[in-house]
Structures are given as C-alpha cells and as structure tokens.
Amino acid sequence: MTLAHILDGLRCACCGGLNVLWLDAVRGLVECRQCGERAGCLVDCGEAA
Ligand SMILES: [Zn+2]
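As a starting point, this report considers the structure included with it. Keep in mind that this is a model prediction, so the values were computed, not measured. (Residues numbered from 1 in each chain as written. Predicted model: local features only at pLDDT ≥ 70, side-chain atom pairs only at ≥ 80, totals over all residues.)

**Comments concerning the overall build of the chain**
Broken down by element type, the chain carries 0 helices and 4 strands. When the elements of the chain are put in sequence order from the N terminus, they spell out β-β-β-β. Sequence-distant contacts in the chain: of pairs separated by 6 or more residues, those separated by 24 or more amount to 2%. (Helix = DSSP H or I, 4+ residues; strand = E, 2+ residues; numbered from the N terminus. Contact = placed C-beta atoms within 7 Å.)

So, in structure tokens, the structure goes:
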C-alpha cells in the first residue's frame, strides 16, 4: 500500500519539471522529486505558514 501518488501532467512551479510532483496523502502536501520544493496549498493553505 502506498500513500504517495504521482501527479501526472502537473509541472513544478519551482524547477519547471514535468511529472515530478507527488502527493503525500499522509502529510497533505505536494513535493517535487526533482528539486525538493514542497507545497501544501493544493490541500491546505493554512498549515504552510
Ligand atoms: Zn521542482
């Protein structure tokens, strides 16, 4: 069982990589496998600050 889902067709806003974003369902954030940028805004904007 995996809780990480690759987000096909999405591009990283930081490094511009395509299909490098994956959703961490446990932590409710999106992380880029290429540059390591993390974004929680897609799920919860309140926790990122
Ligand atoms: Zn990136």
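**Looking at the sheet that holds strand β4 (residues 38-39)**
With antiparallel pairing, 4 strands are arranged side by side in an open sheet as β1-β2-β3-β4. With one partner strand each, in any of the chains shown, β1 (4-6) and β4 form the two edges of the open sheet. Note: strand β2 (residues 21-24) against strand β3 (residues 29-32), 4 bridges, orientation antiparallel. Across the sheet, the residue bridging to L23 is V30, located in β3. (Pairing = 2+ DSSP bridges.)

**Some thoughts on the pairing of β2**
Across 3 bridges, the pairing between β1 and β2 is antiparallel. Residue pairing in the sheet places I6 in a bridge with W22 of β2. The hairpin formed by β2 and β3 contains 4 residues between the paired strands, and G28 there has a positive phi angle of roughly 70°.

**Notes on the environment of G17**
In this structure, G17 sits in the loop between β1 and β2. Counting along the chain gives 15 residues from G17 to C32, while the straight-line C-alpha distance between them is 8.3 Å. Excluding its chain neighbours within four sequence positions, the residues that come into contact with G17 are R11, C12, C32, Q34 and C35.

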